[in-house]
Amino acid sequence: MLPVFKQSGDHALTVYFENEISPEINAQVCSLYDSLQKKEIKGVTELLPTFNALTVFYDPFKISSKSLEKKLTKRLGSSTEDKQKAKRVFIIPVCYDEEFALDIDNVCRHNSLTRDEVVRIHSSQDYLIYMLGFLPGFAYLGGLDERLHTPRLKSPRTEIPAGSVGIGGNQTGMYPLASPGGWQIIGKTPLKLFDVQRENPIFYNAGDYIRFKPISKEEFYVIESDINAQPEIEEVQL
């Protein structure tokens, strides 16, 4: 199925790939996004990748919608082979200690698992970042094991601490900033996931992967005290 172009207001054009959520479709979104990042189109002002589409914002005084669509169509013809050769995995340290794992017992009860089993399953795979949104640096991750699927809290919290790692239905994710939310919190990372003072405020991008690495409470506080702490990055061949 060929991508579909739809006008989004008077200064944005959205490229829809397919009406489904899958790593393959998201790879096409990320491929076009990367192409536009590496080689800009004059008049394009902003890019917004999502699960299965890419919205391209533009200045209508510098480029028309029709001209932009033609240029995007040419980019779509490029191969995604390079994108598929390797993946970047950001290894995020997480402390699952009860001090930070506010709702891990709920996850255990709902899925008939022990705490150790929840931690082992949660940290045993790489999660694809489908898109960033909701909060700066909030990554929508795919691939949560069905054994950990847990409904959100019936009564959302008014504030979840920055760095909290949680489960909401069939997704897992990290809160880069303190925020209201209803996800079941099972741990916390000591890393500052969003920092406007850094050259790159967010470590990762859509199309990258996240792997959670269990750490002790002692390790948590050591990393937290390091203002320059960053995640390890691993290149994995596909």
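## Examining the packing of helix H1 (residues 23–38) against helix H2 (residues 65–76)
Close contact between H1 and H2 brings their axes to 10 Å; oriented N to C, the two are set at 115°. Regarding the angle of H1 to H2, the classification is roughly perpendicular. As H1 packs across H2, the resulting crossing turns out to be right-handed. Side by side, H1 and H2 meet where Leu 32, Ser 35 and Leu 36 of the first sit next to Leu 72, Arg 75 and Leu 76 of the second. Looking at the contact of H1 with H2, its residues break down into four nonpolar, one polar and one charged.

## As for helix H5 (residues 115–122)
Structural remark: α-helix, 3.6 residues per turn; residues separated by three or four positions point the same way. What H5 keeps buried is the set Val 118, Val 119, Ile 121 and His 122. Those residues of H5 hidden inside the fold are in contact with helix H4 (104–111), strand S6 (127–132), strand S9 (164–168), strand S10 (171–174), strand S12 (184–188) and strand S13 (209–215).

## Notes on H1
Across its 16 residues, H1 extends 22 Å between first and last C-alpha, which sits within 8% of the 22 Å expected from 1.5 Å per residue. Looking only at H1, the buried set comprises Ile 25, Asn 26, Ala 27, Val 29, Cys 30, Ser 31, Leu 32, Tyr 33, Ser 35 and Leu 36.

## Details of the packing of aromatic side chains
Scanning the entire structure with this criterion turns up 13 aromatic pairs. For the pair Tyr 127 and Phe 212, a centre-to-centre distance of 5.6 Å together with 55° between the ring planes defines the contact as tilted. On the criterion of sequence distance, the pair formed by Tyr 127 in strand S6 and Phe 212 in strand S13 is long-range, its members being 85 residues apart. Taken individually, Tyr 127 and Phe 212 each receive the classification buried, so the pair is uniform in this respect. When the ring of Phe 138 is compared with that of Tyr 175, the centres are 5.6 Å apart and the planes differ by 80°; the resulting orientation is edge-to-face. With a gap of 37 residues between them, Phe 138 in the loop between S6 and strand S7 (139–142) and Tyr 175 in the loop between S10 and strand S11 (179–181) connect regions that are remote in the sequence. The class for Phe 138 is buried, based on a relative accessible area of 2%. Ring pairs connect the aromatic residues Phe 51, Tyr 130, Phe 134, Phe 138, Tyr 140, Tyr 175 and Trp 183, which therefore count as one cluster. Lying over the aromatic face of Tyr 209, Lys 87 brings its terminal NZ or CZ to 4.3 Å of the ring centre. Directly above the ring of Phe 203 sits Arg 198, whose terminal nitrogen or CZ lies 3.9 Å from the centroid.

## A few points about the pairing of S7
Burial along S7 is two-sided: the face carrying Ala 139 and Leu 141 and the face carrying Tyr 140 and Gly 142 are both buried. Relative to S7, S6 runs antiparallel, the two sharing four bridges. Bridging from a neighbouring strand, Ile 129 pairs with Leu 141 of S7. Counting the residues between successive antiparallel strands, the hairpin from S6 to S7 contains six residues, one of them, Phe 134, with a positive phi of roughly 70°.

## A few points about a positive patch on the surface
Side chains of Lys 66, Lys 70, Lys 71 and Lys 74 sit close together on the surface and give a patch of like positive charge. In this structure, Lys 74 sits in helix H2.

## Looking at unusual backbone geometry
A positive phi angle, near 55°, is found at Ser 112, a position not held by glycine. Note that Ser 112 resides in the loop between H4 and H5. When its relative accessible area of 67% is taken as the criterion, Ser 112 is described as exposed. Even without being glycine, Phe 134 reaches a positive phi, approximately 70°. With respect to the element layout, Phe 134 can be found in the loop between S6 and S7.

What counts, and at which threshold
- Residues numbered from 1 in each chain as written.
- Predicted model: local features only at pLDDT ≥ 70, side-chain atom pairs only at ≥ 80, totals over all residues.
- Heavy atoms only, no water.
- Axes fitted to C-alpha atoms, helices over the stretch in contact; angles between N-to-C directions.
- Helix = DSSP H or I, 4+ residues; strand = E, 2+ residues; numbered from the N terminus.
- Parallel < 35°, antiparallel > 145°, perpendicular 65-115°, else oblique.
- Left-handed = near helix turned anticlockwise from the far one by under 90°.
- Contact = heavy atoms within 4.5 Å.
- Nonpolar A, V, L, I, M, F, W, Y, C, P; charged D, E, K, R; others polar.
- Buried < 20%, exposed > 50% of the residue type's maximum accessible area, 1.4 Å probe, protein only.
- Expected span 1.5 Å × (residues − 1).
- Phe/Tyr/Trp six-rings, centres within 6.5 Å; stacked < 30°, edge-to-face > 60°.
- Lys NZ or Arg CZ within 6 Å of the ring centre and 35° of its normal.
- Pairing = 2+ DSSP bridges.
- Patch = residues over 30% accessible without salt bridge, like charges linked within 9 Å, V, L, I, M, F, W, Y side chains within 5 Å.
- Areas by Shrake-Rupley, 256 points an atom, 1.4 Å probe, with all protein chains shown as cover.
- Salt bridge = Lys/Arg side-chain N within 4 Å of Asp/Glu carboxyl O.
- Lys, Arg positive; Asp, Glu negative; His and termini not counted.
- Charge placed at Lys NZ, Arg CZ, Asp CG, Glu CD.

So yeah, pure geometry; function would need other evidence.
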